[in-house]
Structures are given as structure tokens and as C-alpha cells.
Amino acid sequence: MTNNNTPDLETPNIRTLYFKDTSFAELMNKRIYNVLLYASNYDAFMLEEDGRIDEQVFNEYHSLNLRHAPRFTWASELEQAFNMMENNHFDLIIVMPNSEHSDPFAHATQLKKHSPEIPIVALTPFANDIADQIESEDLSAIDYVFCWLGNPDLLLAIIKMLEDKMNVEDDVKTVGVQTIILVEDSIRYYSYFLPLIYKFVFTQSLSFMTEALNMHEKMLRMRGRPKVLLARTYEEAIELYDTYHSNTLGIITDMRYPCQGKLDPFAGQKFCNYVRSKDIFLPIIIQSSDKSNKEFATKYNSTFIYKNSKTLTDEMSNAIKKKFGFGSLVFIDPQTREEVAVVRNLKDLQKCIFDIPANSLLFHVSRNEISRWLYSRAMFPLAEFLKQISIRELKNLNEARNIIFDAIIKYRKIKNQGVIAVFERETFDRYSNFARIGDGSLGGKARGLAFMNAMMKRNAEDFKAYEGIQVKVPRTVVICTDLFDQFIHNNNLMPIGISDYDDEVILEQFLQAELPSELRVDLETLLQSTNGPIAVRSSSLMEDSHYHPFAGTYSTYMIAPQPNSADTIYQLEQAIKAVYASIFYKNSKHYLEATSSVVEEEKMAIVLQEVVGKSYGNHFYPSISGVGRSLNFYPIEPETPEDGVCNIALGLGKQIVDGGISLRFSPRHPERALQTSTQKLILNSTQRFFYSIDLNCKKQLNINEGYNLVRLPIKAADSDGSLRYIASTLDLRSGIISDNIMEPGMRLITFANILKHDALPLAPLLEELLKMGQREMGCPVEIEFSMNLNFQKGEEHEFYLLQIRPITKNRKVKEAHLEEIKKEDCILQSNSALGNGVNDTITDIVYIKTELFDPAHTKEMALQVEEINRIL
């Protein structure tokens, strides 16, 4: 156990805290864009023309994903400066005292009077005569004086320090950005330390960029770096600490600086005493030119650095890295001081948290070193949560390990949601959510998945109303279209692909080809973190488009894990190649031609997605699969078209896609499903079979994408114990149907406990999702989904969104009164159709005369129709 104040992961306030993702785009809103340089010709040349300065400023701004680095405008005379200030907006004025400007401090006073809101910085070489002049000058108009020795890093540090000062209040309040407080009054030394600290912070920030999931996020995360705040007096130091003490990574302080208006040799000691009275573990680095202060630093558990040391730069960098949580998190044995574990990233911490020796974990957690490390890497919600964990005894550590582990998992999940990550072998694991391999297009289907993922993140608050159900997208990896191009080119497959060979011949040639070697290594990484079957789904450029949806045109395979991992990888590779081949099958080519598309222009991405379901012996299937449409073309009163319509079934979605029996209902009126309205309808339209994956299938992958699927009777699911909430029971003796499965009898798939008795809020959730999808996509939508029902105590049911696509709605809609049409006037009649409208592009109709139809010759007739269709 932890102490009484230790937060519980399941309390609402904690959920809100660490489930809110960090919006890095909201940080660093105030910037310095235009700088007026008031200097001599020589100094202006040194600042403006020295490529090192321009390059560093540009690179830093580019890393922050900003378009424009600060622009410098030079004025050599006071009147010229005033003219420029009249015609331009400046964010900073830099003055450089030298022989050409006999009284630059007086000029600064005039500039300040003209524009009091603009900070003024003086850059001066630190010669003795200049130092003496500064001592006697009125510096009230100058915000900061810096020692200029031609170091280009100083200019960057000045701009960043001023920007930090402008943004710190908002950024700390918004997401909890951390601060580093530097207390130093010496112009020479803070001019030395600030560039050193900033250069270190920027360099270290590159390491926490690895926690980002893609390049755009890496750029934005740089905005979460710690702010560096400069205090030059005791009073300023106290004010900064009191304001930001909860968000301070560490303090660097001198010993001798002004206190109550006088230079006080013990000001640093007073400040350290004050800090230690509030926080005994906050890292403090004491830097002093008096070696006797080392004793004080040891007494107050602080690090001492001698200012006159020849290795000052290295000593300061190492101290900041070790004490402020930068770099790797090193766990030590508190008795021997030996390393027992080194954590490079969040995934490392997750993996080793249960292996760190108890005394080491207690030592580091009790000093907030884990949370400090997370803060330094801009993982604010997780750091804030773990900071609240208080452990005092070794017996409390087991729960602490579980709390830390669970918090990391939940943080990684929320961080992954709504983001298309770049697939990285080192960081990808079972908690990664959506990643891409390659730089090409995601294709239509994957684009829809990514859109759903982002939509769910934007509307996360809306899903909290559906208690007991987790709503998510299955773990997904997309192989982008550039890998398809590489595969086709490397194996010279285009000639065979565009040929007139039979589909089986094309498939065989593709299966013999080799995938790119780097992709094969990525697939091995994926399989190492996946236990269940993987769906290999097509995602071509044209799939799920608004105008020519290619849904169902290309292949999908489901690959079950094999006892030998090499066999699983082989089958996965073969399935990928088979999906690639399907773009060149005859039906695909015909469809491309019919939509005025060119097969050479079509490209294939592939979606690798964990199949939703559970293992039941040798079979694997979900509790519920379904399809929902936000527009119902054939409503049954009291339904309206806008209420939408859903079809659900037990087992894999193939049951619905292939036109098998499923339960149709309106999510607005779930209790009024027509199929369950009478006993006769229930008996005539209940699902009698369902599809599952045969985990022991020994067949070789072939052109039939369902080669390893098996059609099972409902009694198999009854034996599996998977019919709870799903089935009703017909008592064969009395003929009575009851909505439970506790009694013996014939099982009927009615979903009555869900749709009529509200055992779980599936219908309201579907209604919400269909409305949300239509609102976000701007047109009627169709979604595919699956569910795992979990009945163990404390577990939630899992609802997975599998796909979203636009419904291609005919704009030429005509109101039809079918009851007025005589049967003898019909050219074609069907009891199963979708939509209503006008198509005025049909010029030929191919039909088989019913009086000549012979079921014994169905295959021959199909080939004849295919040939006629090909010619047309």
C-alpha cells in the first residue's frame, strides 16, 4: 500500500489529469520576430553577417516548426533608429556600446521613452573601462546587459530567455512546463551560463523528441522544453521560486548577490535555506568562486561547482544532466552507489519497473526522481500524476510498481490515440496504436481508420456516457504505397500484373516474389508484440472514395498465429503479396475500366490490423460484428431515413458482408426490430451459422481469401459459452421464447438483452457514432464494427471501430411509388437493393432468359456473361 494521500488510479480527478493529452501547439505563443540592432558598422556586420548566428537561430526556429527566424534591422544613428521604429514593429532592441556611440546608455533611455514596452538589451565587450562605466551609469532603461565576446550562442540565449519570460506564466498554467532558475548577478557569468544552459537544454530536448510519434509531433514537443529564468537578486529569486516551485526542475545559484539592495555574500545560503524548508529533494547546483562554499553545498544536499575551474563547462553540463533529470534515468543501489538499471525511454521504464531492486526504487521514487525525469522529457500529465505518489516503506513498493506501470500504459495509449506514428522498431510494442511503415500514401481504407482514430480523440468526452464500454480502433500498422511501388519495381511485376493471365497465375507470380528486406524486419517486430490473428486488408488509393468506392473489390486475409513464429511471418508475407496481387485480378481491372481509371495509376497500401475476437479452442471470433449506416434508404415506421440502420451478427463480419442472415434494427428504435417482433419472424430469420477463424487450418493461402475461415453452427458458440446477452431460448416443449440462456432449448440469436433490455448501451452508442461520423465527414457514412463482451468483474466490454466510408448518394433522387408500378411493366425486380435515384448512363443490359435458365449450366452461363461484359 501507499500512504493515505496516495492517489488511486481510478478516482475521477486522476483520470481527468493524466488522460488529458498535452497540446504542445498552444505553447510558446509569444515570439521575438523583429530585432532592431543599434550598433556600429563593424558590430552590425559581426552580428548580422556572421553565418554561425543566422544558422543557429534559423535551425532552432525550424526545429520548433516556425517559419520565420528573427529578422535583424540595423541602425547606426539615433535618428535613424527612431525613423525605423515609426515605420516598423520591433520586439527587441539591442544596443552595443563602443567608441562610435559616445553615450549609448543615454540613447537607450530615449529609445525606452519612445517605446517602453520593447525590452532593451546591451551587448558590451567586458573590458575594464566598460565595466567601470557600467558601474556608474543609469541602467534603468536597459533590461539586461550581456558580455559580448563574439559567441554566437549568446544571441540565441538572449532571444530564448526573453521569450521564456514572456511565455512562462501561460505555458506553466496550460500544461505544466518546467523551469530552471538561474540566480546570478555577475554580467560576465550569466552571459557565460545562459548560452551553456540553453545549448544543453536544446541538445537534451532532442532526446525526448524520441517519445514523439511522428516528425510533426517531434517539432511541436520541442516547445515543451524547460524555461530558463534569470534572477539577479535575492528578492527576484524568491519571487520566481514561490511562483513556479511546483514546476521547477532545479536551481543554479551563486552565493554572493544583492539582497535588500546591498551585495550580500550570504544571499545564496539564505535562498538555499528557504528552498530546503519547502523541498528537501529539489536539485540545487551551487556555483561559487569561493571553494569554502562546498561545505555548505554538502550540508544542504546540493552540488558544488567551482567557478574558476578549468573544466567549468563540462562540470556544469554533467551536473544539470545528472541532477535535473535529463539524459537516461539511472537507478542506483543507495548503499553501494552502483548502477542497477538504466532507462533510456518510457518503454524501458515500463519494461523494467518490476525488476528494479526494492531499495533502489524506494530511493528514487521518494526523491521524485522518476517524475522529474518525465518532466524533463515533456511528459507532463504522467509526471504530474507520479509526483503525487508517496512511499515511505519497502512493503508499499509492490503497489507502487503496479501504479507506475498502469499509469505508463494509460499515458501511452492516450498519447497514441489520434496520431499516425512512424513505425519504430525500438519503441513499437503491444501498446502502440496506429503506425505507418513508409512515406507514401495510406490509401483510402487506412485514411478512414486514421480519421476515425482522430475523431474519437476529438470527441473523447462524448464516450464517457457509455459506461462499461471502451470505444477504440484496433491496433493498426499501415504499409504505405511506396512499399508497393518498391515491391513491384524490384520484382518487375508490372508486365505480369497488366497482362491477361488468369488470377491464379498472377497470384502465383506475386507469391514467389520477395518483399523489401526492411519491411520483413518490421513485420518481425510487429509479430513479436501480437498474440492473436492479424487481418491483412487492402487500402488502395481509390478505396472508400466519395465518388468511386472500391469497397469489396480487393482481397482481405486473416492470418492466424502459428506455433512456429517463422511460419507466422511467412504466412503474413504471403498474405501481403496476395493483397498486392488482387489489384491486378480481372474483376479489379474491369472495375477500374468501368470507373475510367487506369490500373497502372492505382496503388496499394495495406492495413495490418489485430482481428477483434477471442480464442475458443481452435476457433477465434468476436461476440458481435456489425455494419451501421447513418442514412436508411428503406425505413420501417416509426423509423426515418435520418435515424440510420444497423445490422449485427454473431462471429466475424463475413456473415453480414456475404449477405447472410443478420439482425437489422434502427439505433433510434432498437426495441422495434422487425425480425424479433413475432415468434414466426424470429424462427424464420434467426442466424443459424457464424464464421470464425480456424486456428489450426493447414491449407495453403490461395485466391480464396476465406480459405482459413470456417462456418460453424450456433450450438458451437453455445458450447463455447459466448452467447450471453446475445441469444434467447426456445423451449421446444412449450414453444415459449425467453430472453435468457439459462434454460435448455434451441438458441435464437436475437440480441434481445442488449436491444430490448438495455444490458449494455450498444444502440445509443451506435446512434452517437453514426451522427458523429456524418457530422465530421460531411456526408452520410457507413461504419464497420466488432465487439468483445467481457463478463469478468472489473472488465469493460470492448467496442472496436473497424472502418468508416462515405455513402455514395445519388444526387439525382426521384421519389418512387413502387406500389403504383405493375409487375408486368418491370424490366428487373429485386427484393434486395440499396438506394433510390436516376442513372442516365446505362446503354446496354445483359440478361439471361428465364425460360432458358438451367441451374446445371450455371458456370458456363457465368463465363458467357463475363465475356459479353468484358466486350461491353
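Just so we're clear, the structure is a prediction, and the values are computed from it rather than from any experiment. (Residues numbered from 1 in each chain as written. Predicted model: local features only at pLDDT ≥ 70, side-chain atom pairs only at ≥ 80, totals over all residues. Heavy atoms only, no water.)

**Student:** Help me out: how do you make sense of the sheet that holds strand β12 (residues 303-306) in this one?
**Tutor:** In any sheet, the strands associate via hydrogen bonds between backbone groups, in a parallel or an antiparallel arrangement. The strand order β7-β6-β8-β11-β12 describes an open sheet built from five strands, whose pairing is parallel. Two strands lie at the open edges of the sheet, namely β7 (227-231) and β12, each paired on one side alone. On average, each strand axis in the sheet is inclined to that of its neighbour by 20 degrees, with strand direction left out of account. Bridge count between strand β11 (residues 284-288) and β12: four bridges; the pairing is parallel. Within β12, the position partnered with I285 by the bridge is T303. Where helix α11 (residues 267-278) meets the sheet, it contacts β6 (179-183), β8 (248-253) and β11, and its direction lies at approximately 160 degrees from that of β8. The strands touched by helix α13 (residues 312-323) within the sheet are β8, β11 and β12, with β12 carrying the most contacts at an inclination of about 165 degrees. (Pairing = 2+ DSSP bridges. Helix = DSSP H or I, 4+ residues; strand = E, 2+ residues; numbered from the N terminus. Axes fitted to C-alpha atoms, helices over the stretch in contact; angles between N-to-C directions. Contact = heavy atoms within 4.5 Å.)

**Student:** Just checking my understanding: could you explain the environment of N490 for this structure?
**Tutor:** For N490, the location among the structural elements is in helix α20 (residues 481-490). Taking the relative accessible area as the measure of exposure, N490 reaches 49% and is therefore partly exposed. Between the C-alpha atoms of N490 and E514, which are 24 residues apart in sequence, the distance is 8.2 Å. (Buried < 20%, exposed > 50% of the residue type's maximum accessible area, 1.4 Å probe, protein only.)

**Student:** Whenever I open this one, the packing of aromatic side chains confuses me. Can you help?
**Tutor:** For any two aromatic rings, the description comes down to two numbers: the centre-to-centre distance and the angle of the planes. Tallying each qualifying case throughout the model produces 18 aromatic pairs. Ring geometry for F296 and Y300: centres 4.6 Å apart, planes at 35 degrees, overall tilted. This pair shows no difference in class: F296 is buried, exactly as Y300 is. Members of the aromatic cluster, connected to one another through ring pairs, are F484, F487, F510, Y580 and F584. The ring of Y306 carries K291 above its face, with NZ or CZ at 4.8 Å from the centroid. Directly above the ring of Y189 sits K307, whose terminal nitrogen or CZ lies 4.2 Å from the centroid. (Phe/Tyr/Trp six-rings, centres within 6.5 Å; stacked < 30°, edge-to-face > 60°. Lys NZ or Arg CZ within 6 Å of the ring centre and 35° of its normal.)

**Student:** For this particular structure, what's the right way to read the packing of helix α19 (residues 443-458) against helix α30 (residues 762-777)?
**Tutor:** Geometrically, a packed helix pair is captured by the angle between its two axes and the distance between the axes. Here α19 crosses α30 at 110 degrees, and the two axes come no closer than 11 Å. The orientation of α19 relative to α30 falls into the category roughly perpendicular. Residues F451, M455 and R458 of α19 lie in contact with α30, whose contacting residues are M772, G773, E776 and M777. Of the residues in the contact of α19 with α30, the class split is four nonpolar, one polar and two charged. (Parallel < 35°, antiparallel > 145°, perpendicular 65-115°, else oblique. Nonpolar A, V, L, I, M, F, W, Y, C, P; charged D, E, K, R; others polar.)

**Student:** Would you explain the pattern of salt bridges in this entry?
**Tutor:** Once their charged atoms are close, side chains differing in charge can pair, the charge on each being opposite to the other. Throughout the structure, instances matching the rule amount to 31 salt bridges. Residue R668 is joined to D643 by a salt bridge in which the shortest nitrogen-to-oxygen separation is 3.9 Å. You can see R668 sitting in the loop between β26 (663-665) and α27 (679-685) and its partner D643 sitting in the loop between β24 (624-629) and β25 (645-649), a full 25 residues away along the chain. Residue class for R668 comes out partly exposed when judged on its relative accessible area of 40%. By relative accessible area, which is 12% here, D643 ends up buried. (Salt bridge = Lys/Arg side-chain N within 4 Å of Asp/Glu carboxyl O.)

**Student:** Can you help me understand the environment of H107 in this one?
**Tutor:** Its location among the elements puts H107 in helix α5 (residues 104-114). With sequence-adjacent residues up to four places away left out, H107 is seen in contact with Y38 and L78. Reaching out from H107, the side chain makes a polar contact with the side chain of Y38 at a distance of 2.7 Å. (Polar contact = N/O pair within 3.5 Å; in protein donor to acceptor, adjacent residues only side chain to side chain.)

**Student:** Please explain the sheet that holds strand β23 (residues 619-621) as it appears in this structure.
**Tutor:** Ordered in space as β22-β23-β27-β28, the four strands form an open sheet in which the pairing is antiparallel. Because the sheet does not close on itself, it has two edges, and the strands there are β22 (614-616) and β28 (709-713). Going across the sheet, the axis of each strand differs from the next one's by a mean of 45 degrees, ignoring polarity. Across five bridges, strand β27 (residues 689-694) lies against β28 in antiparallel orientation.

**Student:** Looking at this structure, I do not really get unusual backbone geometry. What am I missing?
**Tutor:** The bulk of non-glycine residues show a negative phi, and the bulk of peptide bonds are trans. For the bond running from E637 to P638, omega is 10 degrees, close enough to zero to count as cis. Looking at the secondary structure, you find P638 in the loop between β24 and β25. Residues other than glycine seldom take positive phi values, yet R337 does so here, at roughly 65 degrees. Within the element layout of this structure, R337 appears in the loop between β13 (329-332) and β14 (339-343). Its relative accessible area of 52% is what places R337 among the exposed residues. Although it is not a glycine, F751 sits at a positive phi angle of roughly 55 degrees. Among the secondary structure elements, F751 is positioned in the loop between β31 (746-749) and α29 (752-755).

**Student:** Before we go on, may I ask you to explain helix α17 (residues 380-387) in this structure?
**Tutor:** A turn of α-helix holds 3.6 residues, and therefore any two residues three or four places apart point the same way. With six of eight residues buried, α17 lies mostly within the body of the structure. If you check which residues of α17 are buried, you get F380, P381, L382, A383, F385 and L386.

**Student:** In this structure, what is going on with the confidence of the model for the protein chain? I would like to understand it.
**Tutor:** When pLDDT is averaged along the protein chain, the result is 84; 86% of the residues meet or exceed 70. Note that pLDDT drops below 50 for residues 1-19; the model gives that stretch 42 contacts with residues more than four away or on any other chain. (pLDDT = per-residue confidence, 0-100.)

**Student:** Help me understand α13, please; the structure alone is not making it clear to me.
**Tutor:** Given a rise of 1.5 Å per residue, twelve residues ought to cover 16 Å, and the 16 Å separating the end C-alpha atoms of α13 matches this to within 8%. Here α13 has its buried residues at L312, M316, S317, A319 and I320. Down the axis of α13, the buried side of the element spans an arc of 165 degrees, and every buried residue falls inside it. Turned more than 90 degrees from where α13 packs its buried face, N318 and K322 sit exposed. Just past α13, the residue G325 takes up positive phi, approximately 90 degrees. (Expected span 1.5 Å × (residues − 1). Arc of directions from axis to C-beta.)

**Student:** Sorry, what's going on with the nonpolar core here?
**Tutor:** Proteins that are soluble and globular tend to have nonpolar side chains buried together. Judged by nonpolar contacts, the single largest core of 102 residues is most densely connected at F146, L194 and I370. Looking at this core element by element, the count peaks at eleven residues for helix α8 (residues 187-208). Apart from the residues within four sequence positions on either side, L194 is in contact with F146, A157, M161, L182, V228 and L230. Of all hydrophobic cores here, the second largest spans 53 residues; its members include V478, V607, L766 and I804. (Core = buried A, V, L, I, M, F, W, Y, C linked by side-chain atoms within 4.5 Å.)

**Student:** Any chance you could explain the pairing of strand β18 (residues 476-479) here in plain terms?
**Tutor:** Every second residue of β18 is oriented toward a common face, with T476 and V478 on one face and V477 and I479 on the other, all of them buried. Alignment of strand β16 (residues 434-437) against β18, held across four bridges, turns out to be parallel. Note that in β18 the partner of F434 across the bridge is T476. Examined bridge by bridge, β18 and strand β21 (residues 604-610) share four bridges and lie antiparallel to one another. By the bridge assignment for β21, V477 is matched with L608.

**Student:** It is not clear to me how the environment of P780 should be interpreted in this structure. Could you clarify?
**Tutor:** Topologically, P780 is positioned in the loop between α30 and β32 (781-788). Distance in space between the C-alpha atoms of P780 and P806 is 6.0 Å, their sequence separation being 26 residues. Leave out the neighbours within four places in its chain, and P780 touches S630, L631, Q774, R805, P806 and I807.

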